[in-house]
Amino acid sequence: MRRLKDLLARRAMFLLTAVPGLLVFLMLFGLLLRSRAILAFHSFTGLLFGSGWHPLKGEFGFLPFLAGTLWVTLVAMIIAVPVSLLTAVYLSEYAPRSVRELTKPVVDLLAGIPSVVYGVWGVLMVVPFVGKVLAPLFGVYSSGYSVLSGGIVLAIMVFPTIIHVALEVFSAVPHELRETSLSLGATTWETVKHVVLRKGLQGIFAAVVLGLSRAFGETMAVLMVVGNVARLPKSVFDPAYPLPALIANNYGEMMSIPRYDSALMFAALVLLLVVLVFNLGARFILVKIERKVE
Amino acid sequence: MEPQPHLRIRNLSVSYGAQEVLKNVSLDVPDRKITVIIGPSGCGKTTLLKSLNRLLDSVDGVRIEGHIFIDDEDIYDPRVEATHIRKKMGLLSQKPQVLPMSVFDNIAYGPKIHGLRDRKRLRVLVERELKAAGLWDEVKDRLHEPASRLSVGQQQRLCLARGLAVEPEIILGDEPTSALDPQSSRIVEQRLIALKSEYTVIVVTHILRQARRIADHLAFLYLGELVEHGPAAEFFANPRDPRTRAYLTGEIS
Ligand SMILES: Nc1ncnc2c1ncn2[C@@H]1O[C@H](COP(=O)(O)OP(=O)(O)O)[C@@H](O)[C@H]1O
Ligand SMILES: [Mg+2]
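Here is a short report on the structure shown in this document. These numbers were taken from a predicted model, which means no experiment stands behind them.

**Brief notes about the overall build of chain B**
- The number of helices and strands found in chain B is ten helices and ten strands.
- The C-alpha atoms of chain B give 18 Å as radius of gyration, which agrees with the globular expectation for 253 residues (18 Å, within 12%).
- Counting only C-alpha atoms, chain B reaches 55 × 45 × 40 Å along its principal axes.
- Residue burial in chain B is summarised as follows: out of 253 residues, 55% are buried.
- By sequence separation, contacts in chain B at least 24 residues apart represent 65% of the contacts at least 6 residues apart.
- Total accessible area computed for chain B in this model is approximately 11800 Å², and 47% of it derives from carbon and sulfur atoms.
- Charge centroids of chain B, computed over 36 positive and 34 negative side chains, lie 4 Å from each other.

And the structure:
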């Protein structure tokens, strides 16, 4: 009887574990199925790298959207990675414990703020700042609704993720290791640079990838500040149109246009694949680190 | 009259928050001898070693009173830089702490930080230190492998060599053999004995037999108090304090 229970429990838990994995496959499969309509007319690469977006003429080039996603994500990471890593280093290596204990929940709270709120804040503060201050500073015109605004808002949304994971990584570095470096006469900064960051390198990498995959998929806040113009952005002051924004803006709206629906499915498929690959990579590395730290 | 020893501890008190861990400890550490600090666990031995190295600086809520002199420099003088003090002491910790880099870089780390950049001189130095540690033959083909792949015993000898590479004056060992097998422990003990001809050595242990094997001078720490200290022979043969006697007979541990 007990063995039967054990068996049942094991089966049930296995099933529960399998469901999320299965779901992802179902999603992939569904999206692929619904993208068939457009894939029948255009090649995969043609869709990905075509730069003309004229749905009425039956032209579906996703390059502006892919580029928009990549640009905004890249700008966000360029801002977020150094700032959040330095913050994490400060909190874990320099700040007194009281400051650290106070900041941690605040950082986690930031992660919980709905992205619309970030978006509104971006429209109120970041867009005017970019349009009226930064752009004139560089001698260009910009409405403010731009790659840069998207990147800044996104960076701020990614901070908590990277800071949180990086703090975990740093706290896994044994205290004695720091003392070893210090006792050889190294300064705190030298110790951070050569020992703590090095020991936590993989973990930091995973933190960045986790932040990145969040950035890739983030929709709402970015959508509100990037301008949503389906053209290849030429500078960070140009508007862009990232993939998630395309889907969110148009799904259910333009369905009368032939194959539009299928094109959006294809966009979702591409986005899902990108996020999936990044997440799998991050998981893989995290597991490796756990094994190393034990 | 004997000349004043290099390292003198005067009225040192350390507390973590409200807990007083070292109580008014004063000790002259004889030069070029092995001073062994014994005492049950939790009595403040590690704290005492760390205070010598100013590793307590970064601990939250720590309060340090009193003075530690190296020659005539008070290491807790606010004008003294901690890195300058730490460089004078090589620390060997309880578990071998290899830095996350190659065997070669572990040794070269300290000298590089202190400004030695010349690759050839670094190579010479690394080879010399590894040879002195008796490690050269074992690791000469693995210099560029991660140091974490060495055996624990080899790691501890590497750590000792790494500490010596920055040319300290004093060697501090915090139960340096507690993670090692008996044979590696012997090797490390013998290394320490060999080193006392050139360095002042302080070793913390709670293994009495080890203290008997290596100590020239003993200090017994109990509940943060320095109960008794003196030359090894006298200490073991003629303990004065009843608590020391109780500890030596194993009544308190
Ligand atoms: N960083 C710290 N913060 C608070 N208490 C500490 C800290 N380090 C050590 N202690 C306390 O100080 C006492 C002495 O510790 P320690 O010096 O490590 O003793 P020993 O090395 O003799 O075992 C112990 O009671 C320990 O709990
Ligand atoms: Mg200890």
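From this point, the narrative continues.
**Some details on the overall build of chain A**
- For chain A, the count of helices and strands is twelve helices and two strands.
- In chain A, the order of α-helices and β-strands from amino to carboxyl end is α-α-β-β-α-α-α-α-α-α-α-α-α-α.
- By the burial criterion, 46% of the 294 residues in chain A qualify as buried.
- Considering only contacts in chain A between residues 6 or more positions apart, those separated by 24 or more positions represent 73%.
- By element, 70% of the accessible surface of chain A is carried by carbon and sulfur atoms, the whole surface being about 15700 Å².
- Distance between charge centroids for chain A: 7 Å, based on 24 positive and 15 negative side chains.

**Overview of the nonpolar core**
- Within the largest apolar cluster, 65 residues are counted, with the highest numbers of intra-cluster contacts made by I162 of chain A together with Y109 of chain B.
- Per-element tally for this core: the top contributor is helix 6 (residues 147-172) of chain A, with 16 residues.
- Not counting residues within four places of it along the chain, the set of residues in contact with Y109 of chain B comprises S181, L184, A186, E190, T191, H194 and V195 of chain A together with L99 and M101 of chain B.
- The next biggest cluster of nonpolar side chains, apart from the first, holds 47 residues, and it includes L125, A133, L150 and A161 of chain B.

**A word on the sheet that holds strand 1 (residues 7-16) of chain B**
Residues and elements named next belong to chain B.
- Taken in spatial order, the four strands of this open sheet run 2-1-4-5, and their pairing is antiparallel. In this open sheet, the two edge strands, each paired with only one partner strand, are strand 2 (19-29) and strand 5 (73-74).
- As defined by bridge partners, strand 1 adjoins strand 4 (residues 62-70) across eight bridges and the pair is classed as antiparallel. Each residue of the ladder has a partner; that of R10, found in strand 4, is H67.
- Helix 1 (residues 45-52) contacts strand 1, strand 2 and strand 4 of the sheet and is inclined by roughly 120 degrees relative to strand 1.

**Some words on the sheet that holds strand 8 (residues 200-205) of chain B**
All names here are of chain B.
- Across the sheet, six strands lie side by side as 6-7-8-3-9-10; this open sheet has mixed pairing. At either end of the open sheet lies a strand with only one pairing partner, and these are strand 6 (89-92) and strand 10 (225-231). The average undirected angle you get between the axes of adjacent strands in this sheet is 15 degrees.
- Looking at chain direction, strand 3 (residues 34-38) and strand 8 are connected through five bridges and run parallel.

**Things to note about the packing of helix 4 (residues 97-112) of chain A against helix 6 of chain A**
All names here are of chain A.
- Closest axis-to-axis distance for the helix 4/helix 6 pair is 8 Å, and the angle between their directions is 140 degrees. One element, helix 4, and the other, helix 6, form an angle in the oblique class. In terms of crossing hand, the pair formed by helix 4 and helix 6 is left-handed. On helix 6, the residues that touch K104, V107, D108, L110 and A111 of helix 4 are P160, I163, H164 and L167.
- Split into classes, the residues belonging to the contact of helix 4 with helix 6 amount to six nonpolar, one polar and two charged.

**Points about the interface of chain A and chain B**
- Residue-level contacts link 20 residues of chain A with 22 residues of chain B.
- Interface area, chain A with chain B, both sides summed: about 1800 Å², of which 61% is carbon and sulfur.
- The three residues of chain A that bury the most area against chain B are E179, S183 and L184 of chain A, which together make up 35% of that side's buried surface.
- Inspection of the chain A/chain B interface yields one salt bridge.
- Among the salt bridges present, the one from E179 of chain A reaches K50 of chain B, with a minimum N-O distance of 3.1 Å.
- Connecting chain A to chain B are five residue pairs in polar contact (both at pLDDT 80 or more).
- Mapped by element, the contributors of at least two residues to the side of chain A that touches chain B are helix 4, helix 7 (175-183) and helix 8 (188-199) of chain A.
- A per-element tally of the side of chain A that touches chain B places helix 7 of chain A first, with seven residues.

**Let's talk about the site of ligand 1**
All names here are of chain B.
- In the vicinity of ligand 1, the contacting residues are Y16, Q19, V21, P40, S41, G42, C43, G44, K45, T46, T47 and V59.
- Contact distances for ligand 1 include 2.6 Å between an oxygen atom and a backbone N or O atom of G42.
- At a separation of 3.1 Å, an oxygen atom of ligand 1 approaches a polar backbone atom of G44.
- Alone, ligand 1 offers 560 Å² of accessible surface; in the complex the protein occludes 62% of this.
- Of all elements in the fold, only strand 2 and helix 1 reach the threshold of two or more residues within the shell around ligand 1.

What counts, and where the lines are drawn
Residues numbered from 1 in each chain as written. Chains lettered and ligands numbered in written order. Predicted model: local features only at pLDDT ≥ 70, side-chain atom pairs only at ≥ 80, totals over all residues. Heavy atoms only, no water. Helix = DSSP H or I, 4+ residues; strand = E, 2+ residues; numbered from the N terminus. Rg over C-alpha atoms; globule rule 2.2 N^0.38 Å. Buried < 20%, exposed > 50% of the residue type's maximum accessible area, 1.4 Å probe, protein only. Contact = heavy atoms within 4.5 Å. Areas by Shrake-Rupley, 256 points an atom, 1.4 Å probe, with all protein chains shown as cover. Lys, Arg positive; Asp, Glu negative; His and termini not counted. Charge placed at Lys NZ, Arg CZ, Asp CG, Glu CD. Core = buried A, V, L, I, M, F, W, Y, C linked by side-chain atoms within 4.5 Å. Pairing = 2+ DSSP bridges. Axes fitted to C-alpha atoms, helices over the stretch in contact; angles between N-to-C directions. Parallel < 35°, antiparallel > 145°, perpendicular 65-115°, else oblique. Left-handed = near helix turned anticlockwise from the far one by under 90°. Nonpolar A, V, L, I, M, F, W, Y, C, P; charged D, E, K, R; others polar. Buried area = accessible area lost by both parts, 1.4 Å probe. Salt bridge = Lys/Arg side-chain N within 4 Å of Asp/Glu carboxyl O. Polar contact = N/O pair within 3.5 Å; in protein donor to acceptor, adjacent residues only side chain to side chain. Near = heavy atom within 4 Å.

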